Amino acid sequence: MTPVINIRPARTSDVPAIKALVAPLADQRILVAKETVAYYESLQEFRIAEHDGKVIGCGALHVMWEDLAEIRTLATSSAWRGRGVGHALAEELLDAAGELGVSRVFCLTFEVDFFARHGFTVMAQQEAVDPGVYSELLRSQDEGVAEFLDLARVKPNTLGNTRMIRML
C-alpha cells in the first residue's frame, strides 16, 4: 500500500524541520545550508511533504524572471527516499510554476537522473535569456540567478552539480 503523502505550503513552524532535512545533505555538499533567517524570508516559496503530520520533505520554487523560476532546496528525509516524496514535491512545484505563468524551470542538481525523469535537460553553456533580461538579471544578488547565468563569481562550481532546465 502506498503511503499517503500530503503536500502543502510551508508554515513558519516548519523552518526547524526544513533545516533538519537540509543539514545532512549540506554536510554531504549536496545542498547549500542557509541561515535560519533565509528560510523565513523565502518561506512562501516552500512546499512541505508530510505523512501523518510529520515533515518528510521540502522544496521551493523561486521566481527569477517573467518566464523563469528555479526549483531549489528539494530535500527528502533519508527514511523516505525512493518512496515518491521527491516526485510529489517536484510535480507540485512544476504545477505552481505553470500557475504563476512561468514557462521555464531551472535547477542546479546532483540528481540528474531524477530531474531528467521530470522532463529536465542539461542546459547548454549559453542557453540564455535575451540581452535586456540578462542585463536586468545581473542586478540580482541571488546566487541561484548567478548560477543560471553561469557568472564567474560563482565559478568554479565548487559543488560540481549540473545546471538543468525544463520548458513547461
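Right, let's walk through the structure included here. (Residues numbered from 1 in each chain as written. Predicted model: local features only at pLDDT ≥ 70, side-chain atom pairs only at ≥ 80, totals over all residues. Heavy atoms only, no water.)

Turning to its location among the elements, Pro16 is positioned in helix H1 (residues 15-27). Considered as a pair, Pro16 and Tyr39 are 23 residues apart in the sequence and their alpha carbons are 9.3 Å apart. (Helix = DSSP H or I, 4+ residues; strand = E, 2+ residues; numbered from the N terminus.)

The next thing to look at is the environment of Gly119. In this structure, Gly119 sits in the loop between helix H4 (112-116) and strand E6 (121-122). Sequence-wise, Gly119 and Met164 are 45 residues apart; in three dimensions their C-alpha atoms are separated by 9.7 Å.

Applying the stated criterion across every chain yields a total of 5 salt bridges. A salt bridge links Glu50 to Arg8; its shortest N-O distance comes to 3.2 Å. A residue pair is termed long-range when its members are at least 10 positions apart, and Glu50 in strand E2 (residues 46-51) and Arg8 in strand E1 (residues 6-9) qualify at 42 residues. The pair formed by Glu50 and Arg8 is uniform in burial state, with each residue classed as buried. In this structure, Arg47 engages Glu92 in a salt bridge whose closest nitrogen and oxygen atoms are separated by 3.6 Å. Highlighted residues: Arg47 in strand E2 and Glu92 in helix H3 (residues 85-100), separated in sequence by 45 residues. Overall, the relative accessible area of 17% leaves Arg47 in the buried class. You can call Glu92 partly exposed: its relative accessible area is 30%. The network of salt bridges with shared partners includes Arg8, Asp14 and Glu50. (Salt bridge = Lys/Arg side-chain N within 4 Å of Asp/Glu carboxyl O. Buried < 20%, exposed > 50% of the residue type's maximum accessible area, 1.4 Å probe, protein only.)

Note that all results are geometric; they support no functional claim without further evidence.
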